[in-house]
Amino acid sequence: MAPVTRNQELELTIDSLAYGGRGVARHGELVVFVSRALPGDRVRARVTAYKRRFAEARAIEVLSPGPGRVTPRCAHFGVCGGCAWQDLGYEQQLHHKQAQVVDALERLGHLDGFEMRPIEPARAIWEYRNKFEYSWSQQEQGPSLGFHVAGRWDRLMAVETCHIASAASNELRRSFERWAREQGLRAYDQRTREGFLRHLVVREGRRTGQLLALLVTAPGTVPAPERLAELLPEGVTGVLHAVNDGVAEVTAGLEATPVFGEDAFEERVLGLTLQLSAGAFMQTNSEMCDVLYKHALDGARLAPGDVAWDLYCGAGAIGLLAAPRVARVVGVEISPESVARARENASRNGIANAEFVQGDVAKAVRPLLERLPRPDVVFVDPPRAGLTPRAVRRVLELAPERISYVSCNPTTLAPNARQLVDGGYRLEVVQPVDMFPHTHHIECVASFTKWGQIRPESGTPRLRR
């Protein structure tokens, strides 16, 4: 007989946080993952699912709060699917993120002997995010922009103020709402497939004050662009329009045309000026991007004669930052839009020793080796899913002396790190960087050295608690 059943209510004490943000409790020998619960909480929770080895539940009442609980700032907290940790003090957030990185590397990667550095805290924990993807929904007051309700793909909520967005970004969103209501437009309904407005993507250069907006709609033209331009706040470089006539709720990969203004905005990273389009990849916390990339560059220990390959290079930031320190840079990126921006950014910054190639890392590396020099150092900054097994094999075939791995997910970094270690590399240093306060997400830079390459400034690395 199952130890629990669906909809059963349990009283649980939360011991820790799992990666993904859920509390971890025990009911007898059964592990229970509890959403909306924090370490030290005593909660009443309702079971939502039961598997052979664990159960899932949702806290419906906090019987006694844990020591890290604080009052959330946002009125939407608990309904919005975004900042799941606003009710956890920031020092506690950092503690649990650090612990989750260690746990992933040890438990999933079976790794030891590396130096685990203390997490870099965010310089600002509010108004830090430079990219938003909003969804339109039809509310009583008219078409409104917001996010999905937590845990629901089919329910949307309007946002009044997002506290991790800047004042300018919030004002841009409200300007689009005023325009849409003035024009009598309606939000797209996924069930009936009626309506016009689907999404709004907002990109912001925090160092330049520039904003770019991409409006995604059902088929049709954007009405009254002159009025929209009048309503938008200062700093908007342009508005783009893309049509999505499919069922999937997507914003990427759609052809965009300017409604007015430019099709790009500028941002500065460690003194480098980057021009970015609506779909080009860029870290979503500009200030902490400087910190993250500095660790990536330092971990690579670049030398003047090095050849550096930047895999998953996006708009070219890491490779272009490395270029003045090395002989040659080769960037590889699957997105044609990002590659075009990377080439423009090289020219814009007067960098002549960087080449950017469009292609899938798993498929493009071997052909490139036929005409390009083998790298001394490789940077990898893969998507959340990490390196595929085939991509790992390509990195091992490149056989660089050093690898600097930028990860946005420790649970995929860990198995990738194990594969690299099994392929002849030593994991030396892991540096967590908090790019996303009030969420469970955490970035890391992992530095690897090929066996036989001795790092002169250190002895045998050790795990540092």
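Residues numbered from 1 in each chain as written. Predicted model: local features only at pLDDT ≥ 70, side-chain atom pairs only at ≥ 80, totals over all residues. Heavy atoms only, no water.

Engineer: Talk me through the sheet that holds strand β23 (residues 443-450); I want residue IDs and the actual numbers.
Structural biologist: The strand order across the open sheet formed by 8 strands is β7-β22-β23-β21-β20-β17-β18-β19, and the pairing between neighbours is mixed. Across the chains shown, the open sheet's two edge strands, defined by having one partner strand only, are β7 (115-116) and β19 (354-358). Here strand β20 (residues 377-380) runs beside strand β21 (residues 402-407); their pairing, made up of 4 bridges, is parallel. Following the sheet pairing, Val377 is matched in β21 by Arg402. Its contacts with the sheet put helix α7 (residues 361-369) on β17 (307-311), β18 (328-333) and β19, and the angle it makes with β17 is roughly 155°. (Pairing = 2+ DSSP bridges. Helix = DSSP H or I, 4+ residues; strand = E, 2+ residues; numbered from the N terminus. Contact = heavy atoms within 4.5 Å. Axes fitted to C-alpha atoms, helices over the stretch in contact; angles between N-to-C directions.)

Engineer: Quick one: what's the story with the pairing of strand β22 (residues 425-433), residue by residue and with numbers?
Structural biologist: Within β22, 9 of the 9 residues are buried, leaving the element largely enclosed by the surrounding structure. Alignment of β7 against β22, held across 2 bridges, turns out to be parallel. For Glu115, the partnering residue across the bridge sits in β22 and is Val429. Both β22 and β23 contribute to a ladder of 8 bridges, which runs antiparallel. Bridge assignment links Val429 to a residue of β23, and that residue is Ser447. (Buried < 20%, exposed > 50% of the residue type's maximum accessible area, 1.4 Å probe, protein only.)

Engineer: Run through the packing of helix α1 (residues 90-108) against helix α9 (residues 410-422), naming residues and quoting values.
Structural biologist: One way to put it is that α1 packs onto α9 with a least axis distance of 8 Å and a crossing angle of 35°. The handedness of the crossing between α1 and α9 is right-handed. Facing Val101, Ala104, Leu105 and Leu108 of α1, the residues of α9 in contact are Pro410, Thr411, Leu413 and Ala414. A class-by-class count of the residues in the contact of α1 with α9 yields 7 nonpolar, 1 polar and no charged. (Left-handed = near helix turned anticlockwise from the far one by under 90°. Nonpolar A, V, L, I, M, F, W, Y, C, P; charged D, E, K, R; others polar.)

Engineer: Pulling in residues and values, what's your account of the packing of α7 against helix α8 (residues 389-398)?
Structural biologist: At a minimum axis distance of 8 Å, the contact between α7 and α8 shows a crossing angle of 25°. Our classification of the angle between α7 and α8 gives roughly parallel. Read as a crossing pair, α7 and α8 show a hand that is left-handed. For the pair α7 and α8, the contacting residues are Val361, Ala362, Lys363, Val365, Arg366 and Leu369 in the first and Arg390, Ala391, Arg394, Glu397 and Leu398 in the second. Here the contact of α7 with α8 is built from residues that sort into 6 nonpolar, no polar and 5 charged. (Parallel < 35°, antiparallel > 145°, perpendicular 65-115°, else oblique.)

Engineer: Quick rundown of helix α4 (residues 286-300)? Include the residues and the values.
Structural biologist: Side chains three or four residues apart in an α-helix point the same way, a direct result of the helix having 3.6 residues per turn. When the terminal C-alpha atoms of α4 are compared, their 21 Å separation across 15 residues agrees well with the 21 Å that a helix rising 1.5 Å per residue should span. Summarising burial for α4: 12 of the 15 residues are buried, a large majority. Those residues of α4 that fall on the buried side of the exposure criterion are Ser286, Met288, Cys289, Asp290, Val291, Leu292, Tyr293, His295, Ala296, Leu297, Gly299 and Ala300. Summarising the contacts, the buried residues of α4 are in contact with β15 (265-269), α5 (317-322), β20, β21, β22 and β23. (Expected span 1.5 Å × (residues − 1).)

Engineer: Give a detailed account of unusual backbone geometry, specifying residues and quantitative values.
Structural biologist: Non-glycine residue Glu127 carries a positive phi angle of around 55°. With respect to the helices and strands, the residue Glu127 is situated in the loop between β7 and β8 (131-139). Located in the positive-phi region is Tyr312, a residue other than glycine, with phi close to 60°. Examined against the element boundaries, Tyr312 turns out to sit in the loop between β17 and α5.

Engineer: Go over the packing of aromatic side chains with me, naming the residues and quoting the values.
Structural biologist: Evaluation of the coordinates by the stated rule reveals 4 aromatic pairs. Arranged with centres 6.1 Å apart and planes meeting at 85°, the rings of Phe176 and Trp179 form a pair that is edge-to-face. Of this pair, Phe176 and Trp179 both sit in helix α2 (residues 167-182), 3 residues apart, which is roughly one turn of that helix. In this pair, the class of Phe176 matches that of Trp179, namely buried. Taking NZ or CZ as reference, Arg129 lies 5.9 Å from the ring centre of Phe132, over its face. Across from the ring centre of Tyr188, 4.0 Å away, lies the NZ or CZ of Arg198, which sits over that ring. (Phe/Tyr/Trp six-rings, centres within 6.5 Å; stacked < 30°, edge-to-face > 60°. Lys NZ or Arg CZ within 6 Å of the ring centre and 35° of its normal.)

Engineer: Please give an account of the sheet that holds strand β5 (residues 42-50) that cites residues and values.
Structural biologist: Here we have 6 strands laid out as an open sheet, ordered β1-β5-β6-β4-β3-β2, and mixed in their pairing. Of all the strands in the sheet, just β1 (9-13) and β2 (16-17) have a single pairing partner and so form its edges. Pairing of strand β4 (residues 30-35) with strand β6 (residues 54-64) involves 5 bridges; the strand directions are parallel. Across the sheet, Phe33 pairs through a bridge with Glu56, a residue of β6.

Engineer: Describe the side chain of Ser169, and please don't skip the residues or the numbers.
Structural biologist: Summarising the element assignment, Ser169 is placed in helix α2. Once you skip the residues sitting within four places of it in the chain, Ser169 turns out to touch Phe132, Tyr134, Val202, Glu204 and Leu211.

Engineer: Report on the nonpolar core, specifying residues and quantitative values.
Structural biologist: Counting residues in each nonpolar core, the largest one holds 123 residues, and the members touching the most others are Phe176, Trp179, Leu200, Trp309, Leu311 and Phe448. Among the elements that make up this core, the one with the highest residue count is α4 (8 residues). Each residue touching Leu311, except ones within four places of it in the same chain, is listed here: Val332, Val361, Val378, Phe379, Val380, Asp381, Val395 and Leu398. With 15 residues, the next largest nonpolar core counts Val4, Ile14, Ala45 and Ala55 among its residues. (Core = buried A, V, L, I, M, F, W, Y, C linked by side-chain atoms within 4.5 Å.)

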